[in-house]
Amino acid sequence: MINRRTFGKAVGLGTDAAAASVAAGLSTAPTASAAPRTGDGAPAPTVPATAPGGHTSFGELKRIRAGLLNVGYAEAGPAHGPVVICLHGWPYDIHSYVDVAPLLAARGYRVIVPYLRGHGTTRFLSSRTFRNAQQSAVALDIIALMDALKIEKAVLAGFDWGSRTADIMAVLWPERVKALVSVSGYLITNVEAQKTPLAPEAEHTWWYQYYFATERGRSAMKDDRTRPELCRLVWDTVSPTWDFDDATFARTAAAFENPDYADIVIHNYRWRLGLADGERRYDRYERVLFTMPTIAVPTITLDAERDPFAPTDDGASYRHQFTGPYDHRTLAGIGHNLPQEAPAAFAQAVVDVDRL
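Residues numbered from 1 in each chain as written. Predicted model: local features only at pLDDT ≥ 70, side-chain atom pairs only at ≥ 80, totals over all residues. Heavy atoms only, no water.

K.L.:
Please provide a residue-by-residue account of the pairing of strand E2 (residues 69-76), values included.
P.N.:
Counting buried positions along E2 yields eight of eight residues, so the element is predominantly enclosed. Going residue by residue along E2, you find Leu69, Val71, Tyr73 and Glu75 tucked away on one face and Asn70, Gly72, Ala74 and Ala76 tucked away on the opposite face as well. Pairing analysis gives five bridges linking strand E1 (residues 62-66) to E2, with the strands arranged antiparallel. Note on E2: the bridge partner recorded for Ile64 is Val71. Between E1 and E2, which pair antiparallel one after the other, the connecting turn spans two residues, and Gly67 there sits at a positive phi close to 65 degrees. Here E2 runs beside strand E4 (residues 110-114); their pairing, made up of four bridges, is antiparallel. What sits directly across from Glu75, in E4, is Ile112. (Buried < 20%, exposed > 50% of the residue type's maximum accessible area, 1.4 Å probe, protein only. Helix = DSSP H or I, 4+ residues; strand = E, 2+ residues; numbered from the N terminus. Pairing = 2+ DSSP bridges.)

In structure tokens, the structure reads:
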């Protein structure tokens, strides 16, 4: 899920010089006003109020070879519209955006919603590829997807793993990111900082992270019986006000049957705690990310009031990490799976950030 900090063309893409420029440049960008602004002064279109659960599927999914993967993804909206890429988290899938996508498509956006590596219909091209889920590897997957789809620039919108991935892309490849919607704010991981204990109550909330550090936890994720039970428990506890039904969970749980799912999930959480190694080919990106560089692209951050991982300071703890045009919103009564619980508010943030 999200970074513990909230409490207090393929893998070779990019160059060392580009990574160095990120470290040298973005951290010195001037701080922008917190007030949002529109490009032409006209009010942003209003997304109509929409109750969650109005849609249950995307229709026929697509697949494309991109980098190390054959990526499964949903698409909605006009083929030549401005692109929005929506990125899901754990333990979720593309259905987090099943109501968001048609709202954005109706406003002329081409909406791309990919399954992340290890989820749903996305598959590794080679059985020999290490099932790595460190943060920069996942971000490079989305850059490779954009290249494969010939998308030069897109609005990125995500929560949980998706927020982290979008944040990283905005840092390392800002020229590919038109604007950013990031639930829970700034989620880039510094592995060394993750080793510092949190307050006991906060540590308790992360129970599954420590469970996954054990072989018992790995076995639970690999088991077809205990895996959905575990993920359902997370849904219940992190979204206490979301009244979803069994069919809603089952549609997403099908994505957990990917043969690489357990390996990807376990590696992600162990890597964050410094308990699993990444790959040397990503070291140049991680060195930049570990400096916690600022994000300069136009951004709207969202916090969900009933999300146990969300900060209680209305985004103040991460405000300094965003130096471009910026706005922040807290959604009352909403839990962790914000786009699926509050699709209209999420879609409105996408429309608005595109005009900052």
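K.L.:
Account for the confidence of the model for the protein chain, with residues named and values stated.
P.N.:
Averaged over every residue, the pLDDT of the protein chain is 90; the share at 70 or more is 88%. In this model, residues 2-38 is a region of pLDDT below 50 whose contacts with residues beyond four sequence positions or in other chains number 97 contacts. (pLDDT = per-residue confidence, 0-100. Contact = heavy atoms within 4.5 Å.)

K.L.:
Describe the environment of Ser184, with residues and values.
P.N.:
Tracing the chain through its elements places Ser184 in the loop between strand E7 (177-183) and helix H5 (200-205). According to the relative accessible area criterion, Ser184 is buried, its value standing at 1%.

K.L.:
Could you give an account of the nonpolar core, with specific residues and numbers?
P.N.:
Counting 111 residues, the largest nonpolar core has Trp90 and Phe346 as the members making the most contacts within it. Broken down by element, this core gets its largest block of residues, nine residues, from helix H3 (residues 135-148). Excluding anything up to four places from it in sequence, Phe346 contacts Tyr97, Val100, Ala157, Gly158, Val181, Val183, Leu302, Leu338 and Pro339. (Core = buried A, V, L, I, M, F, W, Y, C linked by side-chain atoms within 4.5 Å.)

K.L.:
Tell me about the layout of surface pockets, residues and numbers included.
P.N.:
Each pocket or cavity is described by its volume, and for the largest pocket that value is around 160 Å³. Lining the largest pocket we find Gln134, Val191, Trp271, Gly274, Ala276, Asp277, Gly278, Glu279, Asp283, Glu286 and Phe290. Each residue belonging to the lining of the largest pocket can be placed in one class, and the counts come to four nonpolar, three polar and four charged. (1 Å grid on protein atoms, 1.4 Å probe; cavity = no way out; pocket = protein on both sides within 12 Å on 5 of 7 lines; lining within 4 Å. Points joined across faces, edges and corners; volume = space filled by probe spheres on them. Nonpolar A, V, L, I, M, F, W, Y, C, P; charged D, E, K, R; others polar.)

K.L.:
Quick rundown of the pattern of salt bridges? Include the residues and the values.
P.N.:
One pass over the structure, following the stated rule, counts 17 salt bridges. Put simply, Lys222 and Asp263 hold a salt bridge, and the shortest N to O gap is 3.2 Å. In this pair, Lys222 is assigned in helix H7 (residues 215-222) and Asp263 in helix H10 (residues 261-272), connecting sequence segments 41 residues apart. The exposure class of Asp263 is partly exposed, given its relative accessible area of 24%. One network of salt bridges, in which partners are shared, links Glu215, Arg218, Lys222, Asp263 and Arg270. (Salt bridge = Lys/Arg side-chain N within 4 Å of Asp/Glu carboxyl O.)

K.L.:
Give me the environment of Thr121: which residues, what numbers.
P.N.:
Tracing the chain through its elements places Thr121 in the loop between E4 and strand E5 (123-124). Judged by its relative accessible area of 28%, Thr121 falls in the partly exposed class. In the structure, Thr121 is positioned 138 residues away from Pro259 in sequence and 10.0 Å away in space, judged by C-alpha atoms. Each residue touching Thr121, except ones within four places of it in the same chain, is listed here: Arg63, Asn70, Gly72 and Tyr115.

K.L.:
Before we move on, could you go through unusual backbone geometry and cite the residues and values that matter?
P.N.:
Residue Pro91 follows Trp90 across a cis peptide bond; omega there is 0 degrees. In this structure, Pro91 sits in the loop between strand E3 (83-87) and helix H2 (100-105). One non-glycine residue with positive phi stands out, namely Asp160, at about 60 degrees. Mapped onto the elements of the fold, Asp160 is located in the loop between strand E6 (154-158) and helix H4 (161-172).

K.L.:
Describe helix H9 (residues 246-253), listing the residues and the values that go with them.
P.N.:
Looking at H9, one finds that the buried residues are Thr248, Phe249, Thr252 and Ala253. Angular distribution of buried residues about the axis of H9 spans 130 degrees; they occupy a single face of the element. In this structure, the buried residues of H9 make contact with helix H8 (226-238) and helix H12 (338-341). (Arc of directions from axis to C-beta.)

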